[in-house]
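This is what each chain is made of:
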Protein chains: 2
Amino acid sequence: MFFDDRKKRILSAIVETYIRTGEPVGSKTLSEFPEISVSPATVRNEMAALFEMGLLEQPHTSAGRVPSHLGYRAYIDSLMRVRPLTADEKDGIDALFNIGDPDPDKLLADSAEALAEYTGCATVAMTTTPSYVTVEHIDIVPADATTVVLLVIASNGVVKSKVCRLGFRVNTGIADFFRKFANDRFCGHTLKEITAEFMNSVSIQLGEYSGVFNPLIVGIYELCKEVYDGQYYLGGREKLLTYNEYSDRALEIMKLISKRDEIGPVIGNNPSGVTVFIGKENSLSQLSGSSLLVARFSIGENDCGTIGLIGPVRMDYSRLIPHLEYFAEKLGALLSITYQRKTGDENG
Amino acid sequence: MFFDDRKKRILSAIVETYIRTGEPVGSKTLSEFPEISVSPATVRNEMAALFEMGLLEQPHTSAGRVPSHLGYRAYIDSLMRVRPLTADEKDGIDALFNIGDPDPDKLLADSAEALAEYTGCATVAMTTTPSYVTVEHIDIVPADATTVVLLVIASNGVVKSKVCRLGFRVNTGIADFFRKFANDRFCGHTLKEITAEFMNSVSIQLGEYSGVFNPLIVGIYELCKEVYDGQYYLGGREKLLTYNEYSDRALEIMKLISKRDEIGPVIGNNPSGVTVFIGKENSLSQLSGSSLLVARFSIGENDCGTIGLIGPVRMDYSRLIPHLEYFAEKLGALLSITYQRKTGDENG
DNA sequence: CTTTAGCACTCATATCTTTCGAGTGCCAAC
DNA sequence: GTTGGCACTCGAAAGATATGAGTGCTAAAG
């Protein structure tokens, strides 16, 4: 009982039909496919064999067959024909990036939303900051009498700023003093090192001034943390409601993916390209009814983030996988333009 | 047939019971209420009268009664007993504000989320900027060779910053030139005046340099627009899924409230205090099955924003109205601390 | 040895019927 | 004005029946 060519064609047809219709697929339907064209009885024999091999499941005796997780896996890994994107499709994805603000902070959030709209799945987008990234420069700019703007520039080119309102008047002397102090203490340190304890030790070095400057120290800490933590955005969670697979589980899944702690580790550690987790393959049991497509994107040479799709197991892999791949490439390219100033060789 | 005291007690009991149970309320149930204690037959007579007056509805002949929109309205306007918040409840709300980042930009987003969690409703939070607010100061700070940080400080105390990456090296001379130019052109103008056309005319004044400085001009425009547009955040849209009233309309409502264009005008123009829109009272027909509670909050003396709750018509008004009111007060107070630098008298 | 027609069997779904009971409206009595 | 009594209504739940798509198996045909 080999996994011969006809069995492969039948499995493919079952997966594709089930993805399209959501109904278990029966032998009669399959026998009418031009690439199969044998009698329903023969199809039934083959289906029994595929069932024995663990590639199909049966909701109940008198229903058609449905792909098992292994069936989907076999389909995705070797049977599926990935059609390259047409020029129109590429244009369609390119267009998604034209509406948004080119502000890098917003680009990722907008991308997550646009991808959700485009694919009809819920999306997650996150960036990660390598542990070797350091603080390159800190600046403090008086904005008006008691307000300053704090800037932290990291060695990966990310700049974050924050408005700090102080309880006292800030002249250039004070700003200069604090700027020098902060740069002496923080520059060259990796973001990972900038912990609450580290900040305490720095604060102590300010001696009698530590109280006065505390809002600024806290501000720097928050900015560094913000850069190091990276970004985490969700898009189109409500898309899940359009699938009846989620009729009573939507809330649970929507809550789950809102938790960065839960999802971050799952989608953060994947090789480049598109990785697929089908149903029970997900390490989180709540996702056993969902599939997760994850793609990494990079700025220049530097891997920097992940964008993922969450939808029902019955999702259109052959369309979504290449589209997600192209989307991630495009996103990386766009971010690279924004951050072009920096390349890998300048990093620690 | 007067709207006498007993009728009022019966209506109140119907509203409160229906809110609690979600089931139409029958005469027998009501007759057992201590504040009613007349026979079911008498209650039926009263209910028939209330029905005549348009305060009750009947899902079908053999079911109990349900409040009509007028019934809810009468209840909220004159029958409902608003219990003042206990110290514990106030503490509970106060605690919601302790977790978040005191960054004013994030405070509102976090508030919307916290309020949703606290009330079990979807929330909307937005700020509006009065049309008399002007540009007070613009700054440009070189961050590294080709990167600058733009700052716009508005007369209402709001400061926004943005990182701009330029295609050329920026020295202090260039920065000083542009700073002076920008302040000369923009300071004193209201944010409302800073339109795309206005920016064009400014750009022309830069003559041969207009191309080079264009990213900065665009950056200023975006910052001004960001300040003028104010913020718009949603919280806990998925909470709607917990009410079976929304079993098949949740997606529609979730999409609707995501559109600032649709909801903004509805919630933005209300008097201070809590305003209630019950079901069909909403100007948007899609909200006819929902109620909307809206509260304004202010910074110091200046009215500055709105926070609202969206949930099923059958929501617990007597609890939510005072809680929302206190929440809005507290939010305003917190923002006032952040923006205390400015008070009304300094504004144009 | 593979393929196919035939046939009895299974079982979810849809439809129809029946039953049940909470609740009503109305009337007559208190 | 209030109440008990009673026939009536109608949705929801439970049961009964029918439908039909799909199966597994067997035996004959290729």
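The written sequence of each chain sets the order in which its residues are numbered from 1. Chain letters start at A and ligand numbers start at 1, both assigned in the order the entries are written. Under the rules for a predicted model, residues below a pLDDT of 70 receive no local features and side-chain atom pairs below 80 are neither given nor counted, while totals for whole chains, interfaces and linings still include all residues. To get the side-chain values, take all heavy atoms of the structure and skip hydrogens and water.

Whether two residues are in contact is decided by their heavy atoms: any pair within 4.5 Å suffices. Counting residues at the interface gives 33 residues for chain B and 33 residues for chain A. For the pairing of chain B and chain A, the buried interface totals around 2600 Å² over both sides, and the portion due to carbon and sulfur atoms is 57%. Within this document, salt bridges are pairs made up of a side-chain nitrogen of Lys or Arg and a carboxyl oxygen of Asp or Glu, the two lying within 4 Å of each other. Joining chain B to chain A, the criterion identifies 4 salt bridges. One salt bridge connects B:Lys106 with A:Glu226, and the closest N-O pair in it is separated by 3.0 Å. Runs of E in the DSSP output that reach at least two residues are strands. Runs of H or I that reach at least four are helices, and both are numbered from the N terminus. Those elements that provide at least two residues to the side of chain B that touches chain A are β4 (135-144), β5 (147-154), β6 (159-165), α9 (210-229) and α10 (250-258) of chain B. Take the side of chain B that touches chain A: its biggest share by element is 6 residues, from β4(B). Three residue categories are used. Nonpolar comprises Ala, Val, Leu, Ile, Met, Phe, Trp, Tyr, Cys and Pro, charged comprises Asp, Glu, Lys and Arg, and polar comprises the others, including Gly. Among the residues making up the side of chain B that touches chain A, the classes are represented as 14 nonpolar, 7 polar and 12 charged. Each of two parts loses accessible area, computed with a 1.4 Å probe, when they are put together; buried area is these two losses added.

What follows concerns the confidence of the model for chain A. Caution applies to low-pLDDT regions: their predicted coordinates should not be interpreted in detail. All names here are of chain A. As a per-residue quantity, pLDDT reports the predictor's confidence and falls between 0 and 100. On average, residues of chain A carry a pLDDT of 92, and 96% of them reach 70 or more. For chain A, strand β6 (residues 159-165) is the element with the lowest average pLDDT, namely 85, and strand β2 (residues 66-67) is the one with the highest, namely 98. Taken as a whole, residues 342-348 scores under 50 in pLDDT and shows 11 contacts with residues more than four places along the chain or in a different chain.

With that settled, the discussion passes to the side chain of B:Ser291. All names here are of chain B. By the secondary structure assignment, Ser291 is in strand β9 (residues 290-299). One polar contact links Ser291 to Tyr317, side chain to side chain, over a distance of 2.7 Å. Ser291 has contacts with Phe277, Ile278, Gly279, Asn282, Leu309, Ile310, Gly311, Pro312, Val313, Met315 and Tyr317, leaving out every residue within four places of it along the chain. The term polar contact refers here to a pair of N or O atoms within 3.5 Å; inside protein, the definition further demands a hydrogen-donor-capable atom paired with an acceptor-capable atom, and it admits residues adjacent in sequence only when both atoms are side-chain atoms.

Two chain copies here: they are related by a rotation about an axis and a translation along the same axis. Each copy is superposed on the other by least squares, with the fit set by C-alpha atoms of residues at a pLDDT of at least 70 in both. Rotating chain B by 180° about the axis while translating it 0.0 Å along that axis superimposes it on chain A, leaving an RMSD of 0.1 Å. On this basis, the relationship between the two copies can be described by a two-fold rotation axis. Both copies share a contact surface, since 100% of the interface residues of chain B are interface residues in chain A too.

Below, the discussion takes up the packing of aromatic side chains. Aromatic rings from Phe, Tyr and Trp, taking only the six-membered ring of Trp, are treated as a pair when their centres fall within 6.5 Å; an angle between ring planes under 30 degrees marks them as stacked, one over 60 as edge-to-face, and anything in between as tilted. Taken as a whole and judged by the stated rule, the model has 20 aromatic pairs over all chains. Aromatic side chains B:Phe177 and B:Phe213 sit 5.9 Å apart centroid to centroid with 35° between the ring planes, which places their arrangement in the tilted category. Placement of B:Phe177 in helix α7 (residues 172-186) and of B:Phe213 in helix α9 is noted, with a sequence separation of 36 residues between them. Summary of the burial criterion: residues with accessible area below 20% of their type's maximum are buried, those above 50% are exposed, and those between are partly exposed, where the area comes from a 1.4 Å probe applied to protein chains only. B:Phe177 sits in the partly exposed class, given a relative accessible area of 40%. Three or more aromatic residues joined by ring pairs make a cluster, and in this case those are A:Phe168, A:Phe177, A:Phe178, A:Phe181, A:Tyr209 and A:Phe213. The ring of B:Phe51 is capped by B:Arg65, whose NZ or CZ atom sits 5.4 Å from the centre of that ring. Note on criteria: charge over ring means Lys NZ or Arg CZ within 6 Å of the ring centre, with the direction from the centre no more than 35 degrees off the ring normal. Sitting above the plane of the B:Tyr118 ring, B:Arg319 keeps its charged end 5.7 Å from the centroid.

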